[in-house]
Amino acid sequence: MAGEWRKTTVGEFAPFAYGKGLPEPQRDPLGNVPVFGSNGIVGFHSEGFTSGPTIIIGRKGTVGAVHFSPKGCWPIDTTFFVVDEDHEIARFKYYLLKSLDLEHMNADSAVPGLNREAAHARQVRVPPLPEQRAIAHILGTLDDKIELNRRMTETLEAMARALFKSWFVDFEPVRAKMEGRWRRGESLPGLPAHLHDLFPARLVDSELGEIPEGWEVASLPELIEINPPRVLRKGEIAPYLDMANMPTRGHAPSDIVERAFGSGMRFTNGDTLVAPITPCLENGKTAFVDFLQNGQIGWGSTEYIVLRPRPPLPEEFAYCLARSDTFREFAIQSMTGTSGRQRVQADSLAHFPLPRVPEPVAEAFGCAIKPLFARSSAAVRESRTLVALRDALLPKLISGELRVQDAERFLEDTVA
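What you see is a predicted model, and the numbers here were worked out from it, not measured in a lab. Note on numbering: residues in each chain are counted from 1, in written sequence order. Local features in this predicted model are restricted to residues whose pLDDT is 70 or higher, and side-chain atom pairs enter the listing and the counts only when it is 80 or higher, whereas totals over whole chains, interfaces and linings include all residues. Hydrogens and water molecules were not included; the side-chain quantities draw on all heavy atoms of the structure.

### So, the overall build of the chain
Thought 1: Counting from the N terminus, the helices are DSSP H or I runs at least four residues long and the strands are E runs at least two residues long. Along the chain, the regular secondary structure elements total 12 helices and 21 strands.
Thought 2: Structurally, the chain occupies a C-alpha span of about 75 × 50 × 45 Å along its principal axes.
Thought 3: By the burial criterion, 48% of the 416 residues in the chain qualify as buried.
Thought 4: By sequence separation, contacts in the chain at least 24 residues apart represent 71% of the contacts at least 6 residues apart.
Thought 5: Working note: accessible area of the chain is about 20,300 Å², and carbon and sulfur atoms make up 51% of it. Type-normalised accessible area, obtained with a 1.4 Å probe on protein chains alone, sets the label of each residue: buried when under 20%, exposed when over 50%, and partly exposed for intermediate values. Any pair of residues with heavy atoms lying within 4.5 Å of one another is described as a contacting pair. In short, Shrake-Rupley with a 1.4 Å probe defines the accessible areas, and a residue's cover is counted only from the protein chains shown.

Here it is as structure tokens:
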């Protein structure tokens, strides 16, 4: 099969065009056309610079990173781009370029940059069109499933965070009873009838403003441990999460590696990690730890702040809190230090006030959100498996080492 493939160059098969500048003030943030920089989507606009499937290649900054947009987009001037109206062929070119390790073609040591002529000169071998489509279909099926999982986890987490806000920020169950919208024996969206008696029917003034009658105001350490002690011996090999892989969206980091423990914050399943330094805090780098074995201790940056709810609060409570606007605004306003090196200290977070949630309400909240996190975590684990499979298949398919028929049979057994 590989003998039918033809030799060519990147410049002949997938010539690079230069992206076009689009300063942020000129973008329409309400538009639905993605704006791509060298590191991926950096915003949105109301019109595209390309009109069909587009491959985006990092030219400056994140050199050689390759991204795919199934529709027209706006690649800015730190990128090259390749377009092809045929979706499957465009996707094959995307996978071909990803296999070339373009990130190692940094032509400028002072300012990272990808030289177009050097990239165009790279020799490649490409199969006939039917096989290009078949390879794109196999790898694209995996990427489509990964994207579907990503959207599902975002939706599940959004549901959990919306419930947190409704119960503990807006006090919607109490307001619904006060306004006569929620009566005993009746259910409202998100408020089943059996929860009716858990909430009071009145709000009272407090230092936090209005809170449910009978609830108290507490400081963060009264309800959530800050940097709880975890034991890990120096030199012990353990899962390591670096700052680069802390997620800005969703609870799950993209990658965890094994590394000998040296010095850093330690954590275990059920902990929430907050990156307290600029710009990580402003960007929302926050993780919920559910990727360790039972009883296992992981570790990461010395900068991390570790949060662990005290019973009866469910473990997921701290993650929802850390993602809430109220907590994030408090943390950002508490940052100290010189410009560009600011951070919020753990001691500062100790002054964050929040309502003390009664035990029955805390338990009901746990019952409501744990299934959401469980489904989200299962999708994340499946995606990690699919990513590993895709990364293993890609070089073998692109090089012709693995026959398409063999890969298709393997794919049928993996992606139901």
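### Concerning the sheet that holds strand E16 (residues 265-267)
Strand pairing in a sheet relies on backbone hydrogen bonds, with the paired strands running either antiparallel or parallel.
Thought 1: Paired strands, as defined in this entry, are two strands with at least two bridges between them according to DSSP. Strand order in the open sheet formed by 4 strands is E15-E14-E19-E16, and the pairing between neighbours is mixed. With partners counted over all chains shown, the strands left at the sheet margins are strand E15 (257-260) and E16, one partner each. Direction aside, neighbouring strands of the sheet carry axes that sit 45 degrees apart on average.
Thought 2: Across 3 bridges, E16 lies against strand E19 (residues 298-300) in antiparallel orientation. Within E19, the residue paired with Arg266 across the bridge is Trp299. Every angle, taken between N-to-C directions, lies between 0 and 180 degrees, and every axis is a line fitted to C-alpha atoms, over only the stretch in contact when it is a helix.

### Some remarks on unusual backbone geometry
Thought 1: A cis geometry characterises the amide bond from Thr278 onward to Pro279, with omega recorded as 0 degrees.
Thought 2: Looking at the element boundaries, Pro279 is found in the loop between strand E17 (272-274) and helix H7 (280-283).
Thought 3: The step from Pro311 to Pro312 runs through a cis peptide bond, and the omega angle for that step is 10 degrees.
Thought 4: Relative to the elements of secondary structure, Pro312 occurs in the loop between strand E20 (305-309) and helix H8 (316-323).
Thought 5: Phi at Asp101 takes a positive value of approximately 55 degrees, unusual for a residue other than glycine.
Thought 6: Note on placement: Asp101 falls in the loop between helix H2 (87-98) and helix H3 (116-120).

### A few points about the packing of aromatic side chains
Thought 1: Between rings of Phe, Tyr and Trp, where Trp is taken as its six-membered ring, a pair exists when centres lie within 6.5 Å; planes separated by under 30 degrees are stacked, by over 60 edge-to-face, and by other angles tilted. Applying the stated criterion to the full structure yields 27 aromatic pairs.
Thought 2: Pairing Phe171 with Trp215 gives two aromatic rings, centres 6.0 Å apart and planes at 90 degrees, and the pair type is edge-to-face. One end of the pair, Phe171, is in the loop between helix H4 (129-168) and helix H5 (172-178); the other, Trp215, is in the loop between strand E11 (209-212) and strand E12 (216-219), with 44 residues separating them in the sequence.
Thought 3: Residue class for Trp215 comes out buried when judged on its relative accessible area of 7%.
Thought 4: We call a charge positioned above a ring when the Lys NZ or Arg CZ atom is no farther than 6 Å from the ring centre and deviates by at most 35 degrees from the ring normal. In this structure, Arg59 packs its charged tip against the face of Phe80, placed 5.8 Å from the ring centre.

### Structural notes on the environment of Ala218
Thought 1: Mapped onto the elements of the fold, Ala218 is located in strand E12.
Thought 2: Once the C-alpha coordinates of Ala218 and Asn115 are considered, the two residues, 103 residues apart in sequence, prove to be 58 Å apart.

### Observations regarding the sheet that holds E20
Thought 1: The strand order across the open sheet formed by 4 strands is E13-E20-E17-E18, and the pairing between neighbours is antiparallel. The open sheet terminates on both sides in strands that have one partner only, identified here as strand E13 (224-226) and strand E18 (286-288). Mean inter-strand twist for the sheet, computed between neighbouring axes without regard to direction, equals 20 degrees.
Thought 2: Across 3 bridges, the pairing between E13 and E20 is antiparallel.

### Some points on the nonpolar core
Thought 1: What is meant by a nonpolar core is a set of buried Ala, Val, Leu, Ile, Met, Phe, Trp, Tyr and Cys residues, joined one to another through side-chain atoms within 4.5 Å. The biggest cluster of nonpolar side chains holds 48 residues, and the ones touching the most others in it are Trp167, Phe168, Leu220, Phe317 and Phe365.
Thought 2: Among the elements of the structure, H4, H5, helix H6 (220-223), E20, H8, helix H9 (325-333), helix H10 (346-349) and helix H11 (359-399) are those that each provide at least two residues to this core.
Thought 3: Top contributing element to this core by residue count: H11, with 7 residues.
Thought 4: If we ignore the near neighbours within four places in the chain, the residues touching Trp167 are Pro173, Gly190, Leu191, Leu195, Phe199, Trp215, Val361, Ala364 and Phe365.
Thought 5: In terms of nonpolar packing, the next biggest core, distinct from the first, is built from 40 residues, Val63, Tyr94, Ala119 and Val404 among them.

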